[in-house]
Amino acid sequence: MLPARAGRLITLEGGEGAGKSTLAKALAQDMRQRGLAYILTREPGGVPAADRIRQLLVTQSEIQFAPLTEALLFTAARNEHVAQVIAPALARGDYVICDRYLDSTRAYQAAAGGVPSSACAVLAELIHAPNPDLTLLLDLDPALGLARSEGRAHGEDRFERRGLGFHQAVRDAFLAIAKAEPRRVAVIAAAQPPQIVLAQALAAIQARGWI
Ligand code: TMP
């Protein structure tokens, strides 16, 4: 159980090239200007152990993983991240802005990859992953998102290289999660200009009375 003075966990989710990182930085800047205590982090990553697992997972290489192995590796990275960064920040009462989290495993490894969603639920429970208080889902046509992210030449393209069908399944899964949990998940059309996306994200936070 979280202590009484718990912070808020805000996660950003969506397909490739949806602008999550841009929005995460803009939200962090807004919180800084308001004088709020926050941390900005991402998955997979956020701590050295998880960053090392990230290299394995997102860099395209000759090594292939079964979807369940991916889910286990993302969860291993998340276990370190939750224990070392997310849970302590929430216990301090900070806002945590996290670029990708549990819903990415549900969408990429379960819905699109074929891992039973019950397995993902067990893994989340096993590591005591706190549930997000708010998830901002940046929704975008994957054809557009993949074209956007292709320009980035960052070498982290293991998932980007999967076909359009895979990414359509990821999008559908995110939208299904949003439909099932409308109080937690706010859907934002990511094809809009970044300042509109930011305004809608802030409106979702304000609607909860947090800022
Ligand atoms: P990023 O592009 O947002 O940095 O994320 C790296 C990739 O990892 C992205 O293609 C989505 C994928 N991913 C999963 O497949 N499952 C997960 O649980 C997470 C956190 C990311």
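In this text the structure is predicted, and so the values were computed from the model without any measurement. (Residues numbered from 1 in each chain as written. Predicted model: local features only at pLDDT ≥ 70, side-chain atom pairs only at ≥ 80, totals over all residues. Heavy atoms only, no water.)

## Focus on the site of the ligand
Alright, step 1. Surrounding the ligand, one finds 14 residues, the nearest of these being E16, R54, R100, T105 and Q109.
Alright, step 2. At 2.7 Å, a side-chain N or O of R54 approaches an oxygen atom of the ligand.
Alright, step 3. Contact distances for the ligand include 3.2 Å between an oxygen atom and a side-chain N or O atom of R78.
Alright, step 4. Coverage of the ligand by the protein amounts to 91% of the 480 Å² it exposes when considered alone.
Alright, step 5. Looking at which element gives the most residues to the shell around the ligand, the answer is helix α4 (residues 102–111), with four residues. (Near = heavy atom within 4 Å. Polar contact = N/O pair within 3.5 Å; in protein donor to acceptor, adjacent residues only side chain to side chain. Areas by Shrake-Rupley, 256 points an atom, 1.4 Å probe, with all protein chains shown as cover. Helix = DSSP H or I, 4+ residues; strand = E, 2+ residues; numbered from the N terminus.)

## Quick word on the nonpolar core
Alright, step 1. Ranked by size, the top nonpolar core spans 34 residues in total, and within it L9, I86, V96, Y101 and Y108 carry the most contacts.
Alright, step 2. Among the elements of the structure, α2 (48–58), α3 (67–92), β3 (95–99), α4 and α7 (164–180) are those that each provide at least two residues to this core.
Alright, step 3. In terms of residue count, α3 provides more of this core than any other element does, eight residues in total.
Alright, step 4. Sequence-distant contacts of L9, defined by excluding residues within four places in its chain, comprise I86, L90, V96, C98, Y101, P130, N131, P132, D133 and L134.
Alright, step 5. The next biggest cluster of nonpolar side chains, apart from the first, holds 23 residues, and it includes A18, L23, Y95 and I188. (Core = buried A, V, L, I, M, F, W, Y, C linked by side-chain atoms within 4.5 Å. Buried < 20%, exposed > 50% of the residue type's maximum accessible area, 1.4 Å probe, protein only. Contact = heavy atoms within 4.5 Å.)

## A few points about the sheet that holds strand β2 (residues 38–42)
Alright, step 1. Taken together, the five strands give an open sheet; going across it, the order is β2-β3-β1-β4-β5, and neighbouring strands pair in parallel fashion. The strands lining the two open edges of the sheet, one partner per strand, are β2 and β5 (185–189). Across the sheet, the axes of successive neighbouring strands diverge by a mean angle of 20°, strand direction being ignored.
Alright, step 2. With five bridges connecting them, strand β4 (residues 134–139) and β5 associate as parallel partners. Across the sheet, L137 pairs through a bridge with V187, a residue of β5.
Alright, step 3. Against the sheet, helix α8 (residues 194–207) touches β1 (8–14), β4 and β5, its axis set at about 165° to β5. (Pairing = 2+ DSSP bridges. Axes fitted to C-alpha atoms, helices over the stretch in contact; angles between N-to-C directions.)

## Points about α2
Alright, step 1. Those residues of α2 not exposed but buried are A50, I53, R54, L57 and V58. With its buried residues spanning 115° around the axis, α2 presents them on a single face. Away from its buried face by more than 90 degrees, α2 exposes P48, R52 and Q55.
Alright, step 2. Along its buried surface, α2 packs onto β2 and α3. (Arc of directions from axis to C-beta.)

## Some remarks on unusual backbone geometry
Most peptide bonds take the trans configuration, and most residues that are not glycine carry a negative phi.
Alright, step 1. Of the consecutive residues E43 and P44, the connecting peptide bond is found in the cis state with omega at -10°.
Alright, step 2. Phi at R100 takes a positive value of approximately 75°, unusual for a residue other than glycine.
Alright, step 3. Topologically, R100 is positioned in the loop between β3 and α4.
Alright, step 4. Judged by its relative accessible area of 14%, R100 falls in the buried class.
Alright, step 5. One non-glycine residue with positive phi stands out, namely H128, at about 55°.
Alright, step 6. Tracing the backbone shows H128 in the loop between α5 (117–126) and β4.

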